[in-house]
Amino acid sequence: MIQLSKLKAFIFDLDGVITDTAEYHFLAWKALAEDLNISFTRELNEELKGISRMDSLEKILQFGGKEQEFSEQEKLELATKKNEHYVELINKITPSDILPGIEKLLRDIKQANLEIALASASKNANMVLEALKLKDQFDYIVDVTKIKKGKPDPEIFLKAAELLKVDPSSCVGVEDAIAGVEAIKSAGMYAVAVGPKSSFQKADLVYETTEALSFKEIKERFEE
Ligand code: BG6
Ligand code: MG
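What this report covers is the structure whose coordinates are included nearby.

Calculation rules
Residues numbered from 1 in each chain as written. Chains lettered and ligands numbered in written order. Predicted model: local features only at pLDDT ≥ 70, side-chain atom pairs only at ≥ 80, totals over all residues. Heavy atoms only, no water. Helix = DSSP H or I, 4+ residues; strand = E, 2+ residues; numbered from the N terminus. Rg over C-alpha atoms; globule rule 2.2 N^0.38 Å. Buried < 20%, exposed > 50% of the residue type's maximum accessible area, 1.4 Å probe, protein only. Contact = heavy atoms within 4.5 Å. Areas by Shrake-Rupley, 256 points an atom, 1.4 Å probe, with all protein chains shown as cover. Lys, Arg positive; Asp, Glu negative; His and termini not counted. Charge placed at Lys NZ, Arg CZ, Asp CG, Glu CD. Donors = N, O, S within 2.8 Å, 3.2 Å for Na, K, Ca; no water. 1 Å grid on protein atoms, 1.4 Å probe; cavity = no way out; pocket = protein on both sides within 12 Å on 5 of 7 lines; lining within 4 Å. Points joined across faces, edges and corners; volume = space filled by probe spheres on them. Nonpolar A, V, L, I, M, F, W, Y, C, P; charged D, E, K, R; others polar.

Here's the deal with the overall build of the chain
(1) Moving on: Looking only at helices and strands, one finds nine helices and six strands in the chain.
(2) Moving on: Computed over its C-alpha atoms, the radius of gyration of the chain comes to 17 Å, within 12% of the 17 Å expected for a compact globule of 224 residues.
(3) Moving on: Counting only C-alpha atoms and orienting by the principal axes, one finds that the chain spans roughly 60 × 35 × 30 Å.
(4) Moving on: Sorting the 224 residues of the chain into buried and exposed places 47% on the buried side.
(5) Moving on: Taking all contacts inside the chain whose residues are at least 6 apart in sequence as the whole, residues at least 24 apart take part in 60%.
(6) Moving on: For the chain, the accessible surface area stands at approximately 11500 Å², while carbon and sulfur atoms represent 48% of it.
(7) Moving on: Side-chain charges of the chain comprise 30 positive and 40 negative groups, with the mean position of each set lying 4 Å from the other.

So, the coordination of the magnesium ion (ligand 2)
(1) Moving on: For the magnesium ion (ligand 2), every protein donor is listed as D13 (OD), D15 (O) and D176 (OD), and the spread of their distances is 2.0 to 2.1 Å.
(2) Moving on: Along the chain, the residues donating to the magnesium ion (ligand 2) are arranged with the sequence spacing D-x1-D-x160-D.
(3) Moving on: When its relative accessible area of 5% is taken as the criterion, D13 is described as buried.

With respect to the layout of surface pockets
(1) Moving on: Size it by volume and the largest pocket reaches roughly 620 Å³.
(2) Moving on: Surrounding the largest pocket, 34 residues form its lining, I51, S52, R53, A121 and S122 being those nearest its centre.
(3) Moving on: Mapped by element, the contributors of at least two residues to the lining of the largest pocket are helix 1 (21-35), helix 2 (42-48), helix 3 (53-63) and helix 4 (72-90).
(4) Moving on: Here the lining of the largest pocket gets five residues from one element, more than from any other, and that element is helix 4.
(5) Moving on: Here the lining of the largest pocket is built from residues that sort into 11 nonpolar, 12 polar and 11 charged.
(6) Moving on: Taken as a whole, the second largest pocket encloses approximately 290 Å³ of empty space.
(7) Moving on: Forming the walls of the second largest pocket are 19 residues, and the residues nearest its centre are G16, D20, A22, K49 and D176.
(8) Moving on: Where the lining of the second largest pocket is concerned, the elements lending two or more residues are helix 1 and helix 2.

This is the structure:
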């Protein structure tokens, strides 16, 4: 069999993959939505995963039929309020909050001499990685403030590959968001999803939990 590309790098999402901050984003958005008399469901929350702060707010306001009720300044204030609550919730993060299986996966990737980058939509990503004491494990962390188009656009994953100086086809992307998996596939990368199989038809490989992630299996399947 002709091997088209060699596996060279892993590009990770943060929230919901490295640590369970996805739950804190949910709680902070839910509190804000309830303040605005918008009922916030886990189903709607799934659509917000991977989506930037301001785009998430827009989706919540649309869901509640209140997209015309706030000025741009007021929307910024609402987003700031959610973020302050979120930062309060993540304040107590320690390395014990790294999701099961992640440290081993990062170790296995490094042992195989592959590169690791972070492609998170979160402006709090550096703070979270520092709290987890994982920053040193990453060769590059994409600066999301320089990214013009959010997931599902592939820009953030393509930027990570560019920083790592590897071809996108040599990269594995790891995501827990539907928008994130779409971004990985549009970037021409191999997509590993973490979550229920039924949600990720577009992924190349799906693991129900981070604990099940296996470097050996991902590498073998990538090279098939
Ligand atoms: C993504 C999360 O990683 O970051 C989204 O999945 C979140 O839920 C987005 O909205 C932006 O995060 P932040 O920390 O910049 O508000
Ligand atoms: Mg995520």
